[in-house]
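Secondary and tertiary structure notes
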Amino acid sequence: MSEASVAVHADADLLAQAVAARLVVRLLDAQAERGQASMVLTGGRIAAAVYRAVAVLPARDAVDWSRVDVWWGDERFLPAGDPERNETQARAALLDGLPLDPARVHPMPASDGPTGDDPEAGAAEYAAELARAARPGHAALPHFDVLMLGVGEDGHVASVFPEHPVHHDTRPVSAVRGSPKPPPVRTTLTLPTINTAEEVWLVASGADKARAVGMALAGAGPVQLPAAGAQGVSRTLWLLDRAAAAEVPPRLRSLR
Ligand SMILES: O=C(O)[C@H](O)[C@@H](O)[C@H](O)[C@H](O)COP(=O)(O)O
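About the thresholds
- Residues numbered from 1 in each chain as written.
- Predicted model: local features only at pLDDT ≥ 70, side-chain atom pairs only at ≥ 80, totals over all residues.
- Heavy atoms only, no water.
- Helix = DSSP H or I, 4+ residues; strand = E, 2+ residues; numbered from the N terminus.
- Contact = heavy atoms within 4.5 Å.
- Core = buried A, V, L, I, M, F, W, Y, C linked by side-chain atoms within 4.5 Å.
- Buried < 20%, exposed > 50% of the residue type's maximum accessible area, 1.4 Å probe, protein only.
- Pairing = 2+ DSSP bridges.
- Axes fitted to C-alpha atoms, helices over the stretch in contact; angles between N-to-C directions.
- Near = heavy atom within 4 Å.
- Polar contact = N/O pair within 3.5 Å; in protein donor to acceptor, adjacent residues only side chain to side chain.
- Areas by Shrake-Rupley, 256 points an atom, 1.4 Å probe, with all protein chains shown as cover.
- Nonpolar A, V, L, I, M, F, W, Y, C, P; charged D, E, K, R; others polar.

Section: the environment of valine 40
- Mapped onto the elements of the fold, valine 40 is located in strand 2 (residues 37-41).
- Put simply, valine 40 and leucine 191 are 151 residues apart on the chain and 13 Å apart in space, counted from C-alpha to C-alpha.
- In this view, valine 40 contacts Trp71, Trp72, Gly73, Phe144, Val146, Leu147, Met148 and Leu189; residues no more than four positions away in its chain are not counted.

This is the structure in structure tokens:
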């Protein structure tokens, strides 16, 4: 697992612009290396700002979007098209304007989808979809070039919440009930699945995130503070605005 590094930007807008630029470069590098690229999306306000920033970035046209796989790290278990779904938000902010191959866009289950209103069946189906995309000879997961995560005030990432039973789920994808952040029923990649990504980027903006960010970087445990347990194979990058970085431990501040 990689050591975390931290980049701090002046405010939320610059943070979103910088993450958008990094994302385009990451996808370009992956395509240069592997002929294709994959990104795992998250939900929340800062993620939506990043997607909007990618949408208007001229360099986005350098990416061959028909060779990009799109996955989600978590989803709210609601009907397809519900405005609260992370998928709906990402499509509106970015995906609908990109020449993606629809077969490479892999939304998490909807409560009115083929697996019905059963989040367990939906999670199992998403695990099966991941397994179908796995590289031959590899574990039941595809290669994730970059996996982005927002960070909750309580330190949750994706829909892995502090002290929640999801921490004991050994499956790659979990159905979450009783989420403290509405809506209560969700689907999420579990932390071990998240941690197979080549790069994990934790993106946080605002003073209400400072405590969770500071504690995660100071070495809190993942059950208490799930963000502390998210790590990329070759890179773990915290992308923060100044307000969210206010409690970053001094030994990491030099990396700003
Ligand atoms: O479904 C969701 O809500 C998310 O995927 C969640 O994990 C989110 O990323 C964080 O709660 C941060 O959200 P904000 O950026 O809005 O604070």
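As for the nonpolar core
- Counting residues in each nonpolar core, the largest one holds 80 residues, and the members touching the most others are Met39, Leu95 and Trp238.
- In terms of residues, this core owes the most to one element, helix 1 (residues 12-34), which gives 8 residues.
- Other than its neighbours up to four places away in sequence, leucine 95 contacts Met39, Leu41, Val70, Trp72, Ala90 and Leu100.

Brief notes about the sheet that holds strand 2
- Across the sheet, 6 strands lie side by side as 1-9-8-5-2-3; this open sheet has parallel pairing. Two strands close off the open sheet at either side, each with one partner strand: strand 1 (4-9) and strand 3 (68-72). Across this sheet, the average inter-strand angle for adjacent strands is 20 degrees, counted without regard to direction.

Focus: the site of the ligand
- Neighbouring the ligand are 15 residues, the closest being Gly43, Arg45, Asp74, Arg76 and Lys209.
- In this structure, alanine 158 approaches the ligand through a main-chain N or O atom, which is 2.7 Å from an oxygen atom.
- Measuring from an oxygen atom of the ligand, one finds a side-chain N or O atom of lysine 181 at 2.7 Å.
- Coverage of the ligand by the protein chains reaches 97% of its 420 Å² of free accessible surface.
- Of all the secondary-structure elements, those providing two or more residues to the shell around the ligand are helix 2 (45-55) and strand 4 (74-76).
- Of the residues that constitute the shell around the ligand, the class distribution is 3 nonpolar, 6 polar and 6 charged.

Spatial relationships are all this shows, so hold off on functional conclusions.
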